[in-house]
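# Close look at the chain arrangement
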Amino acid sequence: MSMWSTLRRGEPGYDEARRGLSASAVVPDLHPRTVVRVGAGREGGQGAEGVRAALAAAEREGLRVTVRSGGHSASFAALRNDVVAIDVRALDGVEVDPVAGTAVVGPGTTSLAAARALHGTGWSFPVGHRATVGLGGFLLAGGNGWNHGVWGSACESVLGADVVLADGRLVHLDAADPAAYAALRGAGPGFPGVVTAFHLRLWPEQRVQRRILSFPAARAAEVGAWADHLAAVIDPAVELTLFLAPPDSPMHPDLDEPALTVAATAYADDPAATEALLAPVDETLPPGAVVVLAGPSDIPTMVETETAPPGLGVVAQQAWTTEGYAAVLPDLAATMTRCPSPWSSILVSSSSYRRAAPPATDTAYLPLGTLTVAAYSNWRPGDRDEDNRRWAGDAVEAIGSRWSGHYVGELDLLRRPDRLAACFPGGGLARIDEVRRRLDPAGRFADFPGRC
Ligand SMILES: Cc1cc2nc3c(=O)[nH]c(=O)nc-3n(C[C@H](O)[C@H](O)[C@H](O)COP(=O)(O)OP(=O)(O)OC[C@H]3O[C@@H](n4cnc5c(N)ncnc54)[C@H](O)[C@@H]3O)c2cc1C
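An unreviewed UniProt entry annotates the protein chain as FAD-binding protein of Nocardioides oceani. The record in UniProt for the protein chain states the following under Cofactor (unreviewed entry): "FAD". UniProt annotates the protein chain under Sequence similarities (unreviewed entry) with the comment "Belongs to the oxygen-dependent FAD-linked oxidoreductase family."

Printed below as a string of structure tokens:
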């Protein structure tokens, strides 16, 4: 059985493969020359043979290469004109070494698949918050996952990776090559190679306890001030994330105005300890809070709960800010009244800032503020496509004067190519470019979206 398949523009099945380069049901009108779907299996060197064939074809035709794992790029990074797009979603699976506390994972493994594979093994990992996000792009971009305050950004737990370089060599990149290792941990769509497997450090599995509270978004300033107080006093083992939803959100059928949800998620070894971590929430609860959930959970359940239904258009935009919840929430809440789809939302979280240990510095990814603000447009295809496409970017622009940087995993570079350098301050972008020139001297891998 062939370990890869190739579809050229104009061939039957091409358009489906082209659209499939993104997880969004609405995609830009961009057309790769060829889409190569790489299969899995040990016989194919876990996909290396298919990747090599795609790279050789690109070289013969003088084309650049893009890569798709889970397809959640906020910039539709795999979908470009006249490239060879390599779809590695079939390179999935999680192999746990329970003695070493490590795992080898395929880049096409989704958050939900990884969470389920680890659940009950005694080990865990900060996978992405939504079910279908691919570990490939998530780990390369940085990875703001569960229990961020203790487990850190997911890329900090990447020990190394098996990578096919532009010349077809399969190499193992790790801390022995510090510059390439840093790029592997944060360069996102600027990484110059195809990762066929990640080697991960795992974390001891924890008990999870949650409080999910809902308020009318009109109370954004007051609830934001409460969240700022909590963020200052609560243990880093409690993730504190606030969500804004539009008036007609199916998540809040009882409200006919925008909603503000506060999710406090505590991680500890036993139920009593998780309850104790949440005491500052329970003891200071603002009046009128609607308690949506107060009880135990686990990572697979949380990943499934936070996921919008399939078949929606998806566009994201993100910015860091050094301000507090109370300062940014009212302006963000105001954008909710103009939101054209009931499925869209804005997430505001301090979890990547409030850390039990300082973040690693040998990563291209850096948290650049006290809060991350990420807006997601999710909408039914054909329902005001243009308005919905624009909304996520407009929502984050509402606090544009207070941005302190961006996360390349959630920044829409097609809309804001001028913000690329703000993902990698302090010479970070130049260091990635140096790695690109060294590992890919012919420039076979497409540049960051918006910088072609
Ligand atoms: C609904 C949604 C929820 C999200 N939730 C989170 C979250 O909780 N936390 C968070 O940090 N981010 C989140 N993100 C952002 C997400 O992590 C990034 O968009 C990430 O790039 C998605 O990875 P992917 O594999 O699904 O995407 P893809 O589109 O497949 O990959 C993005 C780009 O990464 C590079 N890449 C991917 N795989 C490989 C590979 N194997 N080898 C080489 N290069 C590769 C390619 O340049 C590719 O075009 C979310 C995005 C969406 C749309």
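And the narrative resumes.
Scanning the protein chain for helices and strands turns up 13 helices and 19 strands. Taken over the C-alpha trace, the protein chain has a radius of gyration of 21 Å; the compact-globule value for 452 residues is 22 Å, and the two agree within 12%. Its C-alpha atoms give the protein chain principal-axis dimensions of roughly 65 × 50 × 40 Å. Within the span of the protein chain, comprising 452 residues, buried residues form 55% of the whole. A fraction of 74% describes how many contacts in the protein chain between residues 6 or more apart in sequence connect residues 24 or more apart.

Topologically, F125 is positioned in the loop between β7 (123–124) and α4 (135–141). Of the residues examined, F125 has 28 C-beta atoms within 10 Å and is grouped as buried. Put simply, F125 and T110 are 15 residues apart on the chain and 12 Å apart in space, counted from C-alpha to C-alpha. The contacts of F125, once residues within four sequence positions are left out, are A114, L118, S157, L200, L202 and W203.

Here A85 is to be found in strand β4 (residues 83–87). According to the C-beta neighbour criterion, A85 is buried, with 30 such atoms within 10 Å. In this view, A85 contacts L21, P32, V35, T66, R68 and A78; residues no more than four positions away in its chain are not counted.

For the rest of this paragraph, the subject is the nonpolar core. Grouped together as the largest cluster of nonpolar side chains are 146 residues, with contacts concentrated most on A54, I86, A114, L332, V348 and V373. Per-element tally for this core: the top contributor is strand β14 (residues 259–268), with 8 residues. Excluding anything up to four places from it in sequence, A54 contacts W4, V36, V65, V84 and I86.

In space, the 5 strands of this open sheet follow the order β5-β6-β10-β8-β9, with antiparallel pairing throughout. The open sheet has two edge strands, β5 (94–97) and β9 (170–174), and neither has a second partner. Neighbouring strand axes in the sheet, compared pairwise and without regard to direction, differ in orientation by 15° on average. The pairing of strand β6 (residues 102–105) with strand β10 (residues 194–201) spans 4 bridges and is antiparallel. Bridge pairing in β10 places T102 opposite R201.

This part covers the pairing of β5. A regular strand places its side chains so that they alternate between the two faces of the sheet. In this structure, β5 lies alongside β6, joined through 4 bridges in antiparallel fashion. The residue bridging E95 from the neighbouring strand is V104, located in β6. Between the end of β5 and the start of β6, which pair antiparallel, lie 4 residues, with G101 showing a positive phi angle near 70°.

Spatially, the 8 strands line up as an open sheet ordered β15-β12-β14-β13-β17-β18-β16-β19, and their pairing is antiparallel. The open sheet has two edge strands with one neighbour each: β15 (290–297) and β19 (403–405). Sheet twist, expressed as the average angle between the axes of neighbouring strands with direction ignored, equals 25°.

A word on helix α12 (residues 385–397). For α12, spanning 13 residues, the distance from its first C-alpha to its last is 19 Å, which sits close to the expected 18 Å at 1.5 Å a residue. Helix geometry: α12 is bent most strongly at W391, by close to 35°. All buried positions along α12 are accounted for by N388, R389, W391, A392, A395 and V396. The inward-facing, buried residues of α12 abut β16 (313–321), α11 (325–336), β17 (345–349) and β18 (371–379).

In this section: the site of the ligand. Around the ligand, the surrounding shell holds 37 residues, and the nearest of these are G70, A77, G134, G136 and G137. With 5 residues, α4 is the largest single contributor of residues to the shell around the ligand. A per-class count over the shell around the ligand returns 17 nonpolar, 17 polar and 3 charged.

Calculation notes
- Residues numbered from 1 in each chain as written.
- Predicted model: local features only at pLDDT ≥ 70, side-chain atom pairs only at ≥ 80, totals over all residues.
- UniProt positions renumbered as here; feature names shortened; annotations may be inferred.
- Helix = DSSP H or I, 4+ residues; strand = E, 2+ residues; numbered from the N terminus.
- Rg over C-alpha atoms; globule rule 2.2 N^0.38 Å.
- Buried ≥ 20, exposed ≤ 12 C-beta atoms within 10 Å, placed from the backbone.
- Contact = placed C-beta atoms within 7 Å.
- Core = buried A, V, L, I, M, F, W, Y, C linked by C-beta atoms within 7 Å.
- Pairing = 2+ DSSP bridges.
- Axes fitted to C-alpha atoms, helices over the stretch in contact; angles between N-to-C directions.
- Expected span 1.5 Å × (residues − 1).
- Bend = angle between axes of the 7 residues up to and from the residue.
- Near = placed C-beta within 6 Å.
- Nonpolar A, V, L, I, M, F, W, Y, C, P; charged D, E, K, R; others polar.

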